Amino acid sequence: MYVIEERIALPNFISIPHAAERLAKANRVLVIGCSGAGKSTLSLRIAEQYGLEYQSYDRDVRWLPGWQVRNRAEQRARVLSLVSRERWVMDGNTPSTLNIRLPRTDLVVWLRVPRRICLMGVAHRVYSNYGSVRFDMATGCPEQLPDREFLSYIWTFEKKVSPRIIAELDRHGPSVPVVILPELTCPLRVPHS
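Worth saying up front: this structure is predicted, and the values here are computed from it rather than measured.

**Some words on the overall build of the protein chain**
Moving on, step 1. Looking only at helices and strands, one finds 9 helices and 8 strands in the protein chain.
Moving on, step 2. Of all 193 residues assigned to the protein chain, the portion counted as buried reaches 44%.
Moving on, step 3. When the accessible surface of the protein chain is split by element, carbon and sulfur atoms take 56% of a total near 10,600 Å².

**Observations concerning the sheet that holds strand β1 (residues 12–13)**
Moving on, step 1. The strand order across the open sheet built from 6 strands is β1-β8-β7-β2-β6-β3, with neighbouring strands paired in parallel fashion. Across the chains shown, the open sheet's two edge strands, defined by having one partner strand only, are β1 and β3 (53–56).
Moving on, step 2. Sheet topology places strand β2 (residues 28–33) next to strand β6 (residues 88–91); 4 bridges connect them, and they run parallel. Within β6, the position partnered with R28 by the bridge is W88.
Moving on, step 3. Across the sheet, helix α1 (residues 16–25) is in contact with β2, β7 (107–111) and β8 (177–181); its angle to β8 comes to roughly 120°.
Moving on, step 4. Along the sheet face, helix α4 (residues 72–83) touches β2, β3 and β6 and points at about 150° away from the line of β6.

**So, the nonpolar core**
Moving on, step 1. Ranked by internal contacts, the top residues of the largest apolar core, which has 46 residues, are V29, V31, V89, V108, V109 and I165.
Moving on, step 2. Counting residues per element, this core draws most heavily on β7, which supplies 5 residues.
Moving on, step 3. If we ignore the near neighbours within four places in the chain, the residues touching I165 are I32, N93, P95, L98, W110 and F157.

**Considerations on the side chain of D91**
Moving on, step 1. In this fold, D91 is placed in strand β6.
Moving on, step 2. Salt bridges are absent for the buried D91, whose nearest opposite-charge side chain, K39, sits at 6.8 Å.
Moving on, step 3. Side-chain polar atoms of D91 contact the side chain of Y54, separated by 2.7 Å.
Moving on, step 4. Other than its neighbours up to four places away in sequence, D91 contacts V31, K39, S40, S43, Y54, Q55, S56, Y57 and R101.

**Side note on the packing of aromatic side chains**
Moving on, step 1. According to the stated counting rule, one finds 3 aromatic pairs in the structure shown.
Moving on, step 2. Each ring, one from Y153 and one from F157, has its centre 5.7 Å from the other, and the planes form 80°; the classification is edge-to-face.
Moving on, step 3. The ring of W63 has R62 sitting right over it, with the charged end atom 4.8 Å from the ring centre.
Moving on, step 4. Between R112 and the ring centre of W110, over which it is positioned, the NZ or CZ distance is 4.3 Å.

**Thoughts on the environment of S35**
Moving on, step 1. Tracing the sequence through the fold places S35 in the loop between β2 and α2 (39–50).
Moving on, step 2. Aside from chain neighbours lying at most four places away, what touches S35 is C118, V122, F150, Y153 and I154.

The rules we used
- Residue numbering note: each chain is counted from 1, following its sequence as written.
- For a predicted model such as this one, the threshold for reporting local features is a pLDDT of at least 70, and the threshold for listing and counting side-chain atom pairs is 80 or more; totals across whole chains, interfaces and linings nevertheless cover every residue.
- The side-chain figures draw on all heavy atoms in the structure; neither hydrogens nor water molecules are used.
- Each helix is a run of H or I in the DSSP string that is no shorter than four residues. Each strand is a run of E no shorter than two, and both are numbered from the N terminus.
- For every residue, the accessible area (1.4 Å probe, protein chains only) is compared with the maximum for its type, and the residue is labelled buried under 20%, exposed over 50%, or partly exposed between those bounds.
- The accessible surface values rely on the Shrake-Rupley method and a 1.4 Å probe; as for residues, cover is taken only from the protein chains in view.
- Two strands pair if DSSP finds at least two bridges between them.
- Contacts are residue-level and defined by heavy atoms, with any inter-residue pair within 4.5 Å sufficient.
- Helix axes are fitted only over the stretch in contact, all axes being lines through C-alpha atoms; the angle between N-to-C directions runs from 0 to 180 degrees.
- Throughout this description, the term nonpolar core refers to a set of buried Ala, Val, Leu, Ile, Met, Phe, Trp, Tyr and Cys residues connected via side-chain atoms within 4.5 Å.
- Neither His nor the chain termini are counted; the positive set is Lys and Arg, and the negative set is Asp and Glu.
- Salt bridges are counted wherever a side-chain nitrogen of Lys or Arg sits within 4 Å of a carboxyl oxygen of Asp or Glu.
- Under this definition, polar contacts are N or O atom pairs within 3.5 Å; protein pairs additionally need one hydrogen-donor-capable and one acceptor-capable atom, and for neighbouring residues in sequence, both atoms have to be side-chain atoms.
- The criterion for an aromatic pair is that two Phe, Tyr or Trp rings (for Trp, the six-membered ring) have centres within 6.5 Å, with stacked assigned to planes under 30 degrees apart, edge-to-face to planes over 60 apart and tilted to the rest.
- Here, a charge over a ring is recorded when the distance from Lys NZ or Arg CZ to the ring centre is within 6 Å and its angle to the ring normal is within 35 degrees.

Now the structure itself:
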């Protein structure tokens, strides 16, 4: 007996210069990537420069005070509400809600940086914010030391999460342009004003 695998097409990848042109005209931008890659920082800068509403998945969808995870039904309802707005930039890569977010997205910016960079980003984030609540995190969720599960998530992101993201891009956003930024200091990054 043979198992026929589902065919996954490549997403609609575009170049960085083309993405910069798209970004200037976009109403809805989704920034995805591994934890520590710089999604929230880049999203906030894009929001400021292009007059888009900044939506943080962690702050606005996933977390309740005390690091309690909001239930899935409520998370999906919140995502539906957020993406129904006209102009936004949202960070976060939860694959289970890409079916809601992608159809409303004009451009996907995928920060696909090496895991060592992500781990350094998390270390810097903890060093800079330990014990306080970051701008992109829910009230009552102070920065803490990463646990083994979180570090494992970062370590295995490319192997476990990236294929799911590609499948969701193919399934729910085959015509949505996707730019991959492989470095933290790339030309698409929006400098501080």
